[in-house]
Amino acid sequence: QVQLVDSGGGLVQAGGSLRLSCTNSGRTFNNAAMGWFRQAPGKEREFVAGIRCGSGITEYADSVKGRFTISRENDKKTVFLQMNSLKPEDTAVYYCALVKIWSSGASFSADYWGQGTQVTVSS
């Protein structure tokens with residue numbers, strides 16, 4: 001069983017930083033990847049960043065490249081999302097996600113979700 005617990009959201013001014021954390025308290029998978037999605041009011045949930053737990057290879061949405069960094073702990077069960085230079089349009093509920101297999105070139109189709117953490121960026 002997989003249980004994802006995400007945290008670290010909050011209120012920050014534009015230009016500020018936040019760091020989100022997500023821990024998988026359950027089983028792991030050899031080819032798993034973990035990542036972050038976000039959903040703003042009235043919008044669809046969108047992919048933000050992902051990291052392959054084994055290789056550490058990362059991918060980012062174009063909207064966050066150069067500002068956000070995803071990383072993982074050596075135990076491969078905890079991931080972080082360092083968010084810098086935050087903008088009001090980054091305001092959303094951020095969800096941690098895990099996919100059991102994430103093939104190169106494939107979209108990140110989550111198998112498990114965290115409960116979400118609110119990020120609010122004021123202008």
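Everything numeric in this text was worked out from a predicted model, so none of it was measured.

With that out of the way, let us pick up the packing of aromatic side chains. Pairs of aromatic rings are described using the distance from one ring centre to the other and the angle between the two planes. As enumerated under the stated definition, the model contains 8 aromatic pairs in all. Aromatic side chains phenylalanine 37 and phenylalanine 47 sit 5.6 Å apart centroid to centroid with 80 degrees between the ring planes, which places their arrangement in the edge-to-face category. Of this pair, phenylalanine 37 sits in strand β4 (residues 33-39) while phenylalanine 47 sits in strand β5 (residues 46-52); the two residues are 10 residues apart in sequence, bridging distant segments of the chain. In this structure phenylalanine 47 comes out as partly exposed when scored by relative accessible area, which is 23%. An angle of 65 degrees between the planes, with centres 4.9 Å apart, marks the rings of tryptophan 102 and phenylalanine 108 as edge-to-face. When its relative accessible area of 5% is taken as the criterion, tryptophan 102 is described as buried. The class for phenylalanine 108 is buried, based on a relative accessible area of 8%. Of the aromatic side chains, those joined through ring pairs into one cluster are Phe37, Phe47, Tyr95, Trp102, Phe108 and Trp113.

Counting 29 residues, the largest nonpolar core has Met34, Trp36, Val48, Phe68, Leu81, Met83 and Tyr94 as the members making the most contacts within it. Among the secondary structure elements, those contributing two or more residues to this core are β3 (18-24), β4, β5, β7 (68-72), β8 (78-83), β9 (92-99) and β11 (117-122). Top element by residues in this core is β9. It accounts for 4 residues. Discounting residues that sit within four places of it in the chain, methionine 83 has contacts with Gly16, Ser17, Leu18, Leu20, Arg67, Phe68, Tyr94 and Val119. Residues Ala33, Val99, Trp102 and Phe108 belong to the second largest nonpolar core, which totals 6 residues.

On to the sheet that holds β8. Strand order in the open sheet formed by 4 strands is β1-β3-β8-β7, and the pairing between neighbours is antiparallel. At either margin of the open sheet sits one strand with a lone partner, and together these are β1 (4-7) and β7. When strand polarity is set aside, the average angle formed by the axes of neighbouring strands in this sheet is 15 degrees. By the bridge criterion, 6 bridges tie β3 to β8 in an arrangement that is antiparallel. Counted as the bridge partner of cysteine 22 is valine 79 from β8.

Calculation rules
- Residues numbered from 1 in each chain as written.
- Predicted model: local features only at pLDDT ≥ 70, side-chain atom pairs only at ≥ 80, totals over all residues.
- Heavy atoms only, no water.
- Phe/Tyr/Trp six-rings, centres within 6.5 Å; stacked < 30°, edge-to-face > 60°.
- Helix = DSSP H or I, 4+ residues; strand = E, 2+ residues; numbered from the N terminus.
- Buried < 20%, exposed > 50% of the residue type's maximum accessible area, 1.4 Å probe, protein only.
- Core = buried A, V, L, I, M, F, W, Y, C linked by side-chain atoms within 4.5 Å.
- Contact = heavy atoms within 4.5 Å.
- Pairing = 2+ DSSP bridges.
- Axes fitted to C-alpha atoms, helices over the stretch in contact; angles between N-to-C directions.

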